[in-house]
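This is what each chain is made of:
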Amino acid sequence: MINVLFICVKLLFSIFLVILFLLLCLAAYHHLMIMKERKDLTPNGSMIHVDGRKVHVYSQGNQSNKPILVFLSGSATVAPVYDFKSLYNKLTDQYKIVVVEKNGYGYSDTSNVDRDVASIVMEERSALQNAGEYGPYILVPHSMGGLEAVYWAQNYPDEVQGLIGLDMAVPEVYEKMDINRSLRTMKILKIVCFLGIQRIPRVYPLNTEELDAVEKKQQKLLLNNYSMNHNFRLESEKVKANAESVKKGGNIYVPLLLFVSSGSEIGDFWIPCEQKFANENHGKLILLPCGHYIHHYESKLLADEIKKFMMEFIGMKEGII
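All of these numbers come straight from a predicted model, not from anything done at the bench.

A look at the overall build of the chain
Scanning the chain from N- to C-terminus turns up 12 helices and eight strands. Scaling as 2.2 N^0.38, a compact globule of 321 residues should have a C-alpha radius of gyration of about 20 Å, and the chain matches this with 21 Å. Counting only C-alpha atoms, the chain reaches 85 × 45 × 35 Å along its principal axes. Of the contacts made within the chain by residues no fewer than 6 positions apart, 79% connect residues no fewer than 24 positions apart.

Here it is, written out as structure tokens:
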């Protein structure tokens, strides 16, 4: 009996050593490849200087129609410019879109500047203005980007003429969400990315709908080089305070359209919080039976509804309806 136990322990230890060796080899390969790959990163938009750092701003579409649709990403989205493409590609025949990749996202520089909501919004506004992309804007935030969008509408109402939420977070959800759990998950993912485990196919899936071969490669390079950087952690550590700041700012007074997921990936509190926010701010809510990254699942439906919303908005402005 003792011999069998000893053999089992020895076997398990041998397996552990083999796995450890493979992980160390993968990590060594990963960090060697990073040094090689960074020179291949090629932004498809403009690198805009904001307070000594570069922010990537991408624009596409019909420049004659105003307002501009400005996409704001959620937490830890590796490359917003590619992540959103399955949606904005269906809108640019009629409207101009702009994707702002804040510090730590996509091609933009990382930053040690405090990630309070006021600083993030100022960074995004400066990047747009320095890029020559002046408002009025319709903000299109996903997830945590919702706090930035609402704060923007509260404090710069002359710039924001509408808000379209892509399962965007509203302040109240952070009163119910376990942020410590999210931070623990982020720490685990940071270790995964440090070891290069995300290089293994299907371990860290990305949205590749409507991306060409070059864009798929660039998105993967960004994943390998910058995923789970310190900006993601700094934002998450600050999110409860940011949510409280936005909540104190009160209601917004712009046309509002909220696309809302089933909440199954977040919690039972998600839909009631979204419904309450829509009611308090006189917005329209469309519930979709899909996951949190709703633009991955329902891009055509979203594009059709956004075009309807935009037509209604333009009609309201011109006194047509």
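Topic: the packing of aromatic side chains
Within this structure, the stated rule accounts for six aromatic pairs. Pairing Y137 with W152 gives two aromatic rings, centres 5.9 Å apart and planes at 65 degrees, and the pair type is edge-to-face. In this pair, Y137 is assigned in strand 5 (residues 137–141) and W152 in helix 5 (residues 145–155), connecting sequence segments 15 residues apart. You'll find Y137 and W152 in the same group, each marked buried.

A short note on the side chain of E274
Looking at the secondary structure, you find E274 in helix 10 (residues 270–280). Buried charge E274 goes without a salt bridge, the closest partner of opposite sign being K176 at 12 Å. When sequence neighbours within four positions are dropped, the list of residues in contact with E274 reads M168, A169, V170, V173, L258, V260 and L285.

Section: the sheet that holds strand 8 (residues 284–287)
Read across the sheet, eight strands follow the order 1-2-4-3-5-6-7-8 without closing on themselves; strand pairing throughout is mixed. Looking at the sheet topology across the chains shown, the edges are occupied by strand 1 (46–50) and strand 8. Geometrically, the sheet is characterised by an average inter-axis angle of 25 degrees between neighbouring strands, direction not taken into account. In this structure, strand 3 (residues 68–72) lies alongside strand 4 (residues 96–101), joined through three bridges in parallel fashion. Across the sheet, the residue bridging to V70 is V98, located in strand 4. Where helix 5 meets the sheet, it contacts strand 3, strand 5 and strand 6 (160–166), and its direction lies at approximately 155 degrees from that of strand 5. Lying over the sheet, helix 10 contacts strand 7 (256–260) and strand 8, oriented at roughly 170 degrees with respect to strand 7.

Reading the values: the criteria
- Residues numbered from 1 in each chain as written.
- Predicted model: local features only at pLDDT ≥ 70, side-chain atom pairs only at ≥ 80, totals over all residues.
- Heavy atoms only, no water.
- Helix = DSSP H or I, 4+ residues; strand = E, 2+ residues; numbered from the N terminus.
- Rg over C-alpha atoms; globule rule 2.2 N^0.38 Å.
- Contact = heavy atoms within 4.5 Å.
- Phe/Tyr/Trp six-rings, centres within 6.5 Å; stacked < 30°, edge-to-face > 60°.
- Buried < 20%, exposed > 50% of the residue type's maximum accessible area, 1.4 Å probe, protein only.
- Lys, Arg positive; Asp, Glu negative; His and termini not counted.
- Salt bridge = Lys/Arg side-chain N within 4 Å of Asp/Glu carboxyl O.
- Pairing = 2+ DSSP bridges.
- Axes fitted to C-alpha atoms, helices over the stretch in contact; angles between N-to-C directions.

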